[in-house]
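What the coordinates show
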Amino acid sequence: MNNSYDNYPSIFSLPNEILFIIINKLNISDVIYSLVNVNERFVHLLFDPFYIQNLNITFMTMKSFYQRTFSLHEQVLSNICENILPNIHDQVKQLTIEEHSIERILTHNYPQLYSLSLVNFKEEILCQYITDHSALRELLTQQITHLNINIQSDEIQTLLSKISLYMFILILTLCQRLIKLNFCQVFSYRNLFIPICSLPETCFTYSSLIELKINVATINDCLCLLDGRFNSLSKLTINVGEIKCERKQINNETKFPKLKHFSLTSFDMIHDYDKYIIPLLHRMINLEELILFLIAIRTDSTLVDGTELYDEVLVHMSQLNKFVFSINTNVFIENNEMDVPSNEEIQNSFIGRGYGQVGSCVHFEPRKPKNRVIDFEEAKAIVKSHIYSLPYQFESFLHLNNSFKGGMFPLVKTLTISNLEPQKKKQHSSTLISFPHLNLLNLVDAHDDYAQQFLVDANTHLPCLLDLCILYESLEIVTYNFTNDATRLYCSKLKGLHMDKPFVRPKHFDDYFPLLLYMSKFCQNFFFE
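Bear in mind that the values here come from a model prediction, so they are computed numbers and not experimental data.

Brief notes about the overall build of the chain
Along the chain, the regular secondary structure elements total 17 helices and 24 strands. Across the 529 residues that make up the chain, the buried fraction comes to 52%. Within the chain, contacts between residues separated by at least 24 positions form 72% of all contacts whose residues are at least 6 apart in sequence. When the accessible surface of the chain is split by element, carbon and sulfur atoms take 50% of a total near 24500 Å².

Put into structure tokens, the structure is as follows:
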């Protein structure tokens, strides 16, 4: 080695323990490709069994929030397949591969492999591999106990076809040793839902599966998973696309004594919260961990608060030791006058019931002719509340309003602001509102004042912002028809822009959004992950 390295601090002077920490923060494929020929010391480090046992042969590149690629550069992939895998394949225990590399990766045997992640596959192609690829089928049948499935789609939110249902059934039937399955929940930004409710009633009982993560189309699909066929589950994580009244009756009474961890997420507005959610939770008599992310819709009723959660949920779960929640309640006022509780009263409802620290906000919004948030024709007003456990542990935050104090949501990646009322105090705090990991900002149901507050870099710190959803008229106003220097910084970094209508790009538009890769028209549930 060149002795010049001895005169300067460098990576070569670090002890192996520190090098391992650094290497583990990097993509293993890039590390192996880049460092394998540096020197003999690095070769020993890279081929250490504790390091190479988890081999991820993908590399995610974010073009925008919803547009990502996972393929390695051809030269990197060739080098790994030809020069690296022949030396390490028998030590790999966990493997992540994508559609374009699977053929070359699975030419080797992996005798110790127990965990397999199939990432960014088209539905039809993945189904073909699971059905016909002998090496993959042998792994699934004989070795795999942990399986992660991620399906690629051009749609941001869509219902998967019967092909995915067939794959789901085939996997459960084929994988005789499977104990953990993640079906389409590998990446939270992809909203691909599977209609489990059409699962054949003659399906076997899947007694080996103890952990399942899945996106399902409706609440009936969720109930279908809990009809007794998956009676050995100890951990169930479900994201439900729609929660609405359905005709099909499904067993909703069977208890689940083995279920210890349950997570339920839905970005749909739940009109039958008391009919579906509460009875479902009552069946989980030995639950130790509960996670809820829900939006409840009520008419002339009360807001979900700490008292209701305790009386209707927690008091029925004597084993519960962890409760993480984010619950929005929208109460439409039609006939009765509602005594709107203050935020302090909401906070007091949690005191003395073992919740820990809780955040909350309450917002009253009178009906106006052009108020798109109030979609009930007879509603005179709407009362919104949001209660959430702290520290905030979800990647999405919905319906932020002017009671927000900032500083509590460092992990949030998507943010929806819902308040069409102008801000009472236009002068913004000297303290920056910081969302260091925010990728997507939804201002569709926000007054222009909030667009002004969040898109002016003097008011906020949004270093990772990639996508913006906003009304075209609001964007014109806040950017002064794409000439405002105060909003230029964040706009110049945007990769995706989603608005309410098509338009002819005006003068200065392209200069104002130099990195923009695509534009689209948003739909109602477009931004909910």
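Quick word on the pairing of strand 11 (residues 235–242)
The buried fraction of strand 11 amounts to 6 of the 8 residues, a majority that puts the element mostly inside the structure. Two elements, strand 10 (residues 211–218) and strand 11, share 7 bridges in a ladder whose sense is parallel. Among the inter-strand pairings, Asn 215 is bridged to a residue of strand 11, identified as Asn 239. A crossover links strand 10 with its parallel partner strand 11, the connecting element being helix 10 (residues 219–225), and its sense is right-handed. Direction of pairing for strand 11 relative to strand 12 (residues 261–270): parallel, over a ladder of 6 bridges. Bridge assignment links Lys 235 to a residue of strand 12, and that residue is His 261.

A word on unusual backbone geometry
Cis geometry is found at the peptide bond from Leu 390 to Pro 391, where omega equals 0°. Locating Pro 391 in the fold gives a position in the loop between strand 16 (381–389) and strand 17 (396–400). The backbone of Cys 184 sits at a positive phi, close to 75°, despite the residue not being glycine. Turning to its location among the elements, Cys 184 is positioned in the loop between strand 8 (180–183) and strand 9 (191–193). Residue class for Cys 184 comes out buried when judged on its relative accessible area of 4%. The backbone phi angle of Asn 481 is positive, close to 55°, even though this residue is not glycine. The class for Asn 481 is partly exposed, based on a relative accessible area of 38%.

So, the layout of surface pockets
When its volume is computed, the largest pocket comes out at roughly 860 Å³. Lining the largest pocket are 36 residues, and of these Gln 185, Ser 188, Thr 237, Thr 265 and Glu 395 sit closest to its centre. If you list the elements that add at least two residues to the lining of the largest pocket, you get strand 10, strand 11, strand 12, strand 13 (289–299) and strand 14 (322–333). Here the lining of the largest pocket is built from residues that sort into 15 nonpolar, 12 polar and 9 charged.

Comments concerning the sheet that holds strand 16
Spatial strand order, 1-4-5-6-8-10-11-12-13-14-16-15: 12 strands in an open sheet with mixed pairing. Only two strands of the sheet have a single partner each, and these edge strands are strand 1 (54–56) and strand 15 (358–366). If you compare each strand with its neighbour and ignore which way they point, the axes differ by 10° on average. Bridging between strand 6 (residues 146–152) and strand 8 involves 4 bridges; their strand directions are parallel. Across the sheet, the residue bridging to His 146 is Lys 180, located in strand 8. Where helix 9 (residues 162–174) meets the sheet, its contacts fall on strand 6, strand 8 and strand 10, and the angle it forms with strand 8 comes to roughly 170°.

Some details on the sheet that holds strand 24 (residues 518–521)
Taken together, the 6 strands give an open sheet; going across it, the order is 17-18-20-22-23-24, and neighbouring strands pair in parallel fashion. The two strands at the open ends of the sheet, each matched to only one other strand, are strand 17 and strand 24. The mean inter-strand angle of the sheet, taken between neighbouring strand axes irrespective of direction, is 10°. Two elements, strand 20 (residues 440–446) and strand 22 (residues 467–469), share 3 bridges in a ladder whose sense is parallel.

A look at the packing of aromatic side chains
As enumerated under the stated definition, the model contains 27 aromatic pairs in all. Centre to centre, the rings of Phe 350 and Tyr 355 are 4.7 Å apart; their planes meet at 80°, and the pair counts as edge-to-face. Between Phe 482 and Tyr 512 the ring centres are 6.1 Å apart and the planes differ by 70°, which places this aromatic pair in the edge-to-face class. In this pair, Phe 482 is assigned in the loop between helix 15 (472–478) and helix 16 (488–493) and Tyr 512 in helix 17 (residues 509–512), connecting sequence segments 30 residues apart. The rings of Phe 267, Phe 293, Tyr 388, Tyr 392, Phe 394, Phe 397 and Phe 409 are connected pair by pair, giving a single aromatic cluster. The ring of Phe 65 has Arg 68 lying over it, and the distance from NZ or CZ to the ring centre is 5.2 Å.

Details of a nonpolar patch on the surface
There is a patch of nonpolar side chains on the surface, built from Ile 18, Ile 21, Ile 22 and Leu 26 and spanning about 330 Å² of accessible area. Relative to the assigned elements, Ile 21 resides in helix 1 (residues 16–24).

Brief notes about the pattern of salt bridges
For the structure shown, the criterion picks out 10 salt bridges. A salt bridge links Arg 104 to Glu 74, with the nearest nitrogen and oxygen atoms 2.9 Å apart. Of this pair, Arg 104 sits in helix 6 (residues 102–105) while Glu 74 is found in helix 5 (residues 74–88), placing the two residues 30 residues apart along the sequence. Classification of Arg 104 as partly exposed rests on a relative accessible area of 27%. Here the salt bridges share partners, and the residues they tie into one network are Asp 274, Arg 298 and Glu 308.

Concerning the environment of Asp 467
Turning to its location among the elements, Asp 467 is positioned in strand 22. Along the backbone, Asp 467 and His 498 are 31 residues apart, and their C-alpha atoms lie at a distance of 7.7 Å. Excluding its chain neighbours within four sequence positions, the residues that come into contact with Asp 467 are Ser 64, Phe 65, Tyr 66, Asn 439, Leu 440, Leu 441, Leu 494, Gly 496, His 498 and Tyr 518. Here the side chain of Asp 467 touches Phe 65 through a polar contact of 2.8 Å, landing on its backbone nitrogen.

Reading the values: the criteria
Residues numbered from 1 in each chain as written. Predicted model: local features only at pLDDT ≥ 70, side-chain atom pairs only at ≥ 80, totals over all residues. Heavy atoms only, no water. Helix = DSSP H or I, 4+ residues; strand = E, 2+ residues; numbered from the N terminus. Buried < 20%, exposed > 50% of the residue type's maximum accessible area, 1.4 Å probe, protein only. Contact = heavy atoms within 4.5 Å. Areas by Shrake-Rupley, 256 points an atom, 1.4 Å probe, with all protein chains shown as cover. Pairing = 2+ DSSP bridges. Right-handed = clockwise from strand over helix to strand, strands pointing away. 1 Å grid on protein atoms, 1.4 Å probe; cavity = no way out; pocket = protein on both sides within 12 Å on 5 of 7 lines; lining within 4 Å. Points joined across faces, edges and corners; volume = space filled by probe spheres on them. Nonpolar A, V, L, I, M, F, W, Y, C, P; charged D, E, K, R; others polar. Axes fitted to C-alpha atoms, helices over the stretch in contact; angles between N-to-C directions. Phe/Tyr/Trp six-rings, centres within 6.5 Å; stacked < 30°, edge-to-face > 60°. Lys NZ or Arg CZ within 6 Å of the ring centre and 35° of its normal. Patch = residues over 30% accessible without salt bridge, like charges linked within 9 Å, V, L, I, M, F, W, Y side chains within 5 Å. Salt bridge = Lys/Arg side-chain N within 4 Å of Asp/Glu carboxyl O. Polar contact = N/O pair within 3.5 Å; in protein donor to acceptor, adjacent residues only side chain to side chain.

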